[in-house]
Amino acid sequence: SQVSFEEESQNPPSVGHWKPLMPSKGDKEEPESGCQDAGGVDEPQSTEQLNVSRLRSSSVEIREKGSEFLRDELHKAQKELKLKDKECERLSKVREQLEQELEELTASLFEEAHKMVREANTKQAAAEKQLREARGKIDMLQAEVTALKTLVITSTPSSPNRELHPQLQSPSKAGFRKGHGRNKSTSSAMVSAASQNVAPEPVSRECKEVDSILFAEFQAWKESPTLDKSSSFLDRIYREDVGPCLDFTKQELSELVRVAVEQNTLTIEPVASQTVPLGKVAAEECGGPKKCALSGLPRTCKHRIMLGDSGNYYYISPSCRARITAVCNFFTYIRYIQQGLVRQDVELMYWEVMRLRREMSLAKLGFYPSEM
């Protein structure tokens, strides 16, 4: 058997009778390279190559389909993004338009409100001016009526009153009384007021001269009128007129009165014609009809004041009322100048301010009209 095996190994088998064995699962290539078929191609290797090529072709096809799907999704996402950008742009334009309309509406509302406030201030100033003029006319008419009553009572055709008819007096007596007519009682003053329509006799008029320092201070204040006491014009008036005029015995109440006058929140009302409603019976009333709350002296008080909306009333004497009224008149006039309601020459406004300062000085010294 060994000899026959060697013989068989020495004699290779013929090509037509050799049959290749099937490769195992773990083997990829045939170990013997010399065993080939008649065409010169290894059958297992070609099968494996075919499988690899199929796998490659299928992977390429899958990759192409995946890339195509991703491109479609990318296009869809880009289209949606463009639509969203357009929507955002449209919404931003709508928002800008709404903001602009809101700003225009707010500006128009503020302008209308300011216009209404200006018109209300103008109407209030005109009404106050008309009220002052009406009160002045009423006072003048009352003086004329009183003078006429006095003339009718004290003068008759049978016994005329020679003091009321200077033309009936003797020349010497008339000449003596001519220069002293102002020192008589109030009836003669009322008669002079009633006879304003008659051609008056020449009367000596007071002389006026502008103080250069005061006028310069007023002109500087007039360029930019303000109620601030930092200006030299108002600082001087506060020191020389307003402060002394509102300096009463009751210092704490005096300070409250000064603040109320500056803020234009002080109210003066007569006591006799004022009826207190039932809801205000509990309001505090300082002083009394026979005692002044500012001076603390026993005086007949015909008026009382209220500071702001506090509801507290304080009885004041005629002298204190004259001092407060003089300061209020001054502040009212400079407020009109500040608001542009006084349309006069600068010198005329200056002299009106000086007249108001003189009233404050006289009121501080104790001079006040009898009707107070």
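Residues numbered from 1 in each chain as written. Predicted model: local features only at pLDDT ≥ 70, side-chain atom pairs only at ≥ 80, totals over all residues. Heavy atoms only, no water.

The chain appears in an unreviewed UniProt entry as R3GEF factor from Pomatostomus ruficeps. Quoted straight from UniProt, the Sequence similarities (unreviewed entry) entry for the chain says "Belongs to the SEC2 family." (UniProt positions renumbered as here; feature names shortened; annotations may be inferred.)

Q: Please give an account of the pattern of salt bridges that cites residues and values.
A: If you walk through the whole model with that rule in mind, you get 13 salt bridges. With its nearest N and O atoms 3.1 Å apart, the salt bridge here joins R239 to D235. Of the two residues, R239 and D235 both sit in helix 6 (residues 232-245), 4 residues apart, roughly one turn of that helix. Classification of R239 by relative accessible area gives exposed; the value is 51%. D235 gets classed as partly exposed once you look at its relative accessible area, which sits at 31%. (Salt bridge = Lys/Arg side-chain N within 4 Å of Asp/Glu carboxyl O. Helix = DSSP H or I, 4+ residues; strand = E, 2+ residues; numbered from the N terminus. Buried < 20%, exposed > 50% of the residue type's maximum accessible area, 1.4 Å probe, protein only.)

Q: A description of the nonpolar core should follow, citing residues and the corresponding values.
A: In this structure, V242, V257, L294, I324 and F330 are the most contacted members of the largest nonpolar core, which totals 45 residues. When residues of this core are traced back to their parent elements, those giving at least two are helix 5 (212-223), helix 6, helix 7 (251-262), strand 3 (303-307), strand 4 (313-316), helix 8 (318-338) and helix 9 (346-364). The dominant element in this core, judged by the number of residues it contributes, is helix 8, at 10 residues. Setting aside chain neighbours within four positions, we find L294 in contact with F248, T249, K250, L253, S254, V257, Y315, I316, C320 and I324. (Core = buried A, V, L, I, M, F, W, Y, C linked by side-chain atoms within 4.5 Å. Contact = heavy atoms within 4.5 Å.)

Q: Just give me the short version of a nonpolar patch on the surface, but keep the residues and values in it.
A: Residues L362, L365 and F367 make up a contiguous nonpolar surface patch of about 340 Å² in total accessible area. Counting through the fold element by element, L365 comes out in the segment after helix 9. You can call L365 exposed: its relative accessible area is 63%. (Patch = residues over 30% accessible without salt bridge, like charges linked within 9 Å, V, L, I, M, F, W, Y side chains within 5 Å. Areas by Shrake-Rupley, 256 points an atom, 1.4 Å probe, with all protein chains shown as cover.)

Q: Go over a positive patch on the surface with me, naming the residues and quoting the values.
A: Taken together, K76, K79, K82 and K86 make up a surface patch of like positive charges. Mapped onto the elements of the fold, K82 is located in helix 2 (residues 43-154). Judged by relative accessible area, which is 56%, K82 ranks as exposed. (Lys, Arg positive; Asp, Glu negative; His and termini not counted. Charge placed at Lys NZ, Arg CZ, Asp CG, Glu CD.)

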